[in-house]
Structure formats: C-alpha cells, structure tokens
Amino acid sequence: MHPALTALLAGRPVPLEAWRSWWDQLEQRTLGPARDSDRAQAAALLASLTTGLPEPATLAALTTSLTERAPDPGPAHPGSVNIVGTGGGPATFNLSTAAALTAASMGIPVVKSGSRAYTSAAGSIDLLERLGITLTSSHAATGEDLARHGIAFAGPHVYPPALTRLARILYPLTLKPFGAFLNTLGPLLASVPVTAQLTGVCAAARLDALRDLAARTATRTVWLATNSAGADELLPFADNTLHTPGGAIHLSAGSVAPDRGTLADLAPHPDDLTGHFLRALAGQGGDTATHTIALNAAALALASGRHTRWHTAHAAALDALADGAPRALAERLRARPREAAGV
C-alpha cells in the first residue's frame, strides 16, 4: 500500500510530496504488484475521503497535488464570476444555473462550472444536456462563448485530469458512491478563469475545511454561502451568511427579498425538468423561485463588482426575469450549432 494511503487511513498527516508520488504511481499503474491493486487503492482512498475529510494540512496538500496538474486556464476574464454548490442539501431545482443565466442577462460575465447529479434529481450538466446547451471543450472555447454570449458552461476540462484517470481505473465502479467528497471539493478543484466565485455550502459539508481552502485559492476570490435551512444556495426566507475574504456578510431572512415561501416552493420537477426551468427563467416559476433566483444573481453581481448594493442588484435581476431575458439567453444557447461551442 502506498505510504500516502497508509498515513491517510491511520489519520496521520500526508505531505504534498507523498500525494505527488501517489498520483505519479496511479498514472503509471504501479501502486502495487497485484493486478487489481491500483483499483483497490483508488477505491480505498476515495472511501476514506468520503467518510471524512482529513486534517487541514493534508487536505490542502491533496488539493494542491491535484490542481497543480491541471492545464493553466489563462488569465481570468475581468469581472467574471462562477456560481456552483456542494450539493447534498435540501432538494431544490437547478437554482445556481438559473442564477448564472440571470446574471449573464444582466451583463455580468459568467463562466459556470458544475457536475452531474450525485444526490439531486439532476445536476447542472444533466439539465444542460436535456436543454441541448453544449458544454465547452477547452479554455479557448470557453473564452469564445463568453465573448459571444456573455456566459460559458465549462466542460470537464476544468477539473484535474487525475480525477478522470481515477474514474477510468475504478471502472466499472462509478464515482457516484464517492459523491459527497467530490461535490464538496469539486468547486475548489475546478480551474475556472474567473475573478470571483460564489460557492453554496450545504449544512453537511465541512465549512471550516472549505474556508481554509478558499483562503488558499490564489486564482479567484471565493465567497462561501451558508444559511439556516442547510441549503447550498442563498434563500430569501432563511438567514444567510456569505464568508468572504473581507469578512462575513449576514443577510437575514427578508432583508433583501421577501421572506415568504418555503423549500417546497423550490422543489425539483424531475417529470418536467426543462419546462419548469425555462418558466422559472421567465419569472413564471412562482414568487419564491423568482426571488431566490434574483437573490443569487444579485450575489453574483456584487461578487463581480458590477453592483455594490444588494437591493439595487436584486431589483435588476427581477427586471431581467420579468423581461424574460434569462430564458431568451437560454434559448439562444440551445439553438446554436455544436461546432460553435468548440465541440
């Protein structure tokens, strides 16, 4: 067994060089002499990390060992933002994707990362596939989409290639059993060329660990959002806190948007996934859904620096939804040829 895995399972610190050695040997398929040793050790690693995140130094070293192997996305697009959540909280429809389209329709450059569903009815990638909106296949294509549409939905190329290699070695076992770990760290592992990122953190995720990793992220400013309902997005009827490098921003229920509504108003619609989503983008998903999308879009507007006041940003998002601008943007993205997205 590789020393990195031995130390991890024993609860001892694992330094950066040990993680580098682990990924090197995984790539070379030399983790052990037995035929299935690579797969067994890969599964053991993910199982341990899914059971519980390691202590901060080990987690930081692991994250660095992954991100340093990812291709350089190039300079961040000025004033651009990403919104992504850890998942695992109360079931809601695809609010972060709706907020991304709304912010983009307000003139804020958005590069959206995401994943498939691990615990939810449909992750952002599942939804985009059903809508017919193509993910970008390279950093160059992301830049082209951003210049043309004001928004780009980044494909798997933003994640460390070592994770793809890990998935291939585990096959036919899927990564779904390890979704808790992958969803928790995924938002901070993605190489997204933005200046700011809003990451929703559910109650089950390790906020302390994510705050430490966010502080170590040098490529973009990371805001972590939590709330009293345990969801991984801002909610108008809950008390929200944004953990930013400049300190905590507290948004009490009703302070920006009306505090009417419950989580039931934001429930997913798996039998009408795309229809309900498109109606919500036109402000026709119910008052609670409209204000929730607008609140998260407002957070993106402030994180980008485009707006400085919550109520002004929220009002601008409401105007965009009332005009149907986010839905019109989604329809334009659906209608484009695949070749235009770099596919």
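For the structure, check the block above.
Numbers given to residues run from 1 along each chain, matching the order in which its sequence is written. Reporting in this predicted model follows two pLDDT cut-offs: at least 70 for local features of residues, and 80 or more for side-chain atom pairs to be given and counted; totals over whole chains, interfaces and linings ignore these cut-offs and use all residues. Each side-chain value is derived from all of the structure's non-hydrogen atoms; neither hydrogens nor water enter the calculation.

Colleague: Requested: an account of the overall build of the protein, with residues and values cited.
Modeller: Starting at the N terminus, helices and strands are each numbered in turn, a helix being any DSSP run of H or I of at least four residues and a strand any DSSP run of E of at least two. A count of helical and extended segments in the protein gives 14 helices and 7 strands. In terms of overall size, the protein behaves like a compact globule, its C-alpha atoms giving a radius of gyration of 20 Å where 343 residues would be expected to give roughly 20 Å. On the principal axes, the C-alpha backbone points of the protein span a range of 60 × 45 × 40 Å. Partly exposed residues are those whose accessible area sits between 20% and 50% of the maximum for their type, while under 20% is buried and over 50% is exposed, using a 1.4 Å probe and protein chains only. Across the 343 residues that make up the protein, the buried fraction comes to 54%. Two residues form a contact once any of their heavy atoms are found within 4.5 Å. Sequence separation of 24 or more characterises 71% of the internal contacts of the protein that already satisfy a separation of 6 or more. Total accessible area computed for the protein in this model is approximately 14000 Å², and 53% of it derives from carbon and sulfur atoms. Distance between charge centroids for the protein: 4 Å, based on 26 positive and 26 negative side chains. Computation of the radius of gyration draws on C-alpha atoms, with the globule rule given as 2.2 Å multiplied by the number of residues to the power 0.38. For every accessible area listed, the method is Shrake-Rupley and the probe measures 1.4 Å; residues are considered covered only by the protein chains on display. Positive charges come from Lys and Arg, negative ones from Asp and Glu, while His and the chain ends are left out of the count. Where a charge lies is defined by one atom per residue type: Lys uses NZ, Arg uses CZ, Asp uses CG and Glu uses CD.

Colleague: An account of the environment of H149 is needed here, citing residue identities and associated values.
Modeller: Residue position: H149 is located in helix α7 (residues 139-149). In sequence terms H149 and A104 are 45 residues apart; their C-alpha atoms lie 8.3 Å from each other. Aside from chain neighbours lying at most four places away, what touches H149 is L329, L333 and R336.

Colleague: Give me the lowdown on the pairing of strand β6 (residues 240-244), citing residues and values where you can.
Modeller: Where burial is concerned, most of β6 is hidden: 5 out of the 5 residues are buried. On β6, burial covers both faces: N240, L242 and T244 on one face and T241 and H243 on the other are all buried. At least two DSSP bridges between two strands are required for those strands to pair. Relative to β6, strand β5 (residues 221-227) runs antiparallel, the two being bridged by 4 bridges. Bridging from a neighbouring strand, N227 pairs with N240 of β6.

Colleague: Any details on the pattern of salt bridges? Residues and values, ideally.
Modeller: Basic side-chain nitrogens of Lys or Arg form a salt bridge, by our definition, when they fall within 4 Å of a carboxyl oxygen of Asp or Glu. Per the stated rule, a full pass over the model turns up 10 salt bridges. Here E17 and R20 are joined by a salt bridge, their closest N and O atoms 2.4 Å apart. Taken together, the positions of E17 and R20, both in helix α2 (residues 16-28) and 3 residues apart, correspond to about one turn of that helix. Given a relative accessible area of 53%, E17 falls into the exposed group. In this structure, R29 and D38 form a salt bridge, with 3.5 Å as the shortest nitrogen-oxygen distance.

Colleague: A description of the packing of aromatic side chains should follow, citing residues and the corresponding values.
Modeller: Stacked, tilted and edge-to-face are the three classes assigned to paired rings of Phe, Tyr and Trp, where Trp is represented by its six-membered ring and a pair needs centres within 6.5 Å; plane angles under 30 degrees give stacked, over 60 edge-to-face, the rest tilted. What the rule picks out here adds up to 1 aromatic pair. For the ring pair W22 and W23, a centre distance of 6.2 Å and an interplane angle of 80° mean the geometry is edge-to-face. Classification of W23 by relative accessible area gives buried; the value is 3%.

Colleague: Lay out helix α13 (residues 310-323) in plain terms, naming residues and giving numbers.
Modeller: Helices are assigned an expected span. That span is 1.5 Å times one less than the residue count. Given a rise of 1.5 Å per residue, 14 residues ought to cover 20 Å, and the 20 Å separating the end C-alpha atoms of α13 matches this to within 8%. The complete set of buried residues in α13 reads W310, A313, H314, A317, A320 and L321. Buried residues of α13, seen end-on, are gathered within an arc of 120° and therefore sit on one face of the element. The exposed residues of α13 that point more than 90 degrees off its buried face are H311, A322 and D323. Lining the buried residues of α13 we find α5 (95-105), β6, β7 (247-251), α11 (273-281), α12 (287-304) and α14 (325-335). One or two positions beyond α13, positive phi appears at G324, with a value near 75°. Each direction from the helix axis to a C-beta atom contributes to the arc, which is the arc of those directions.

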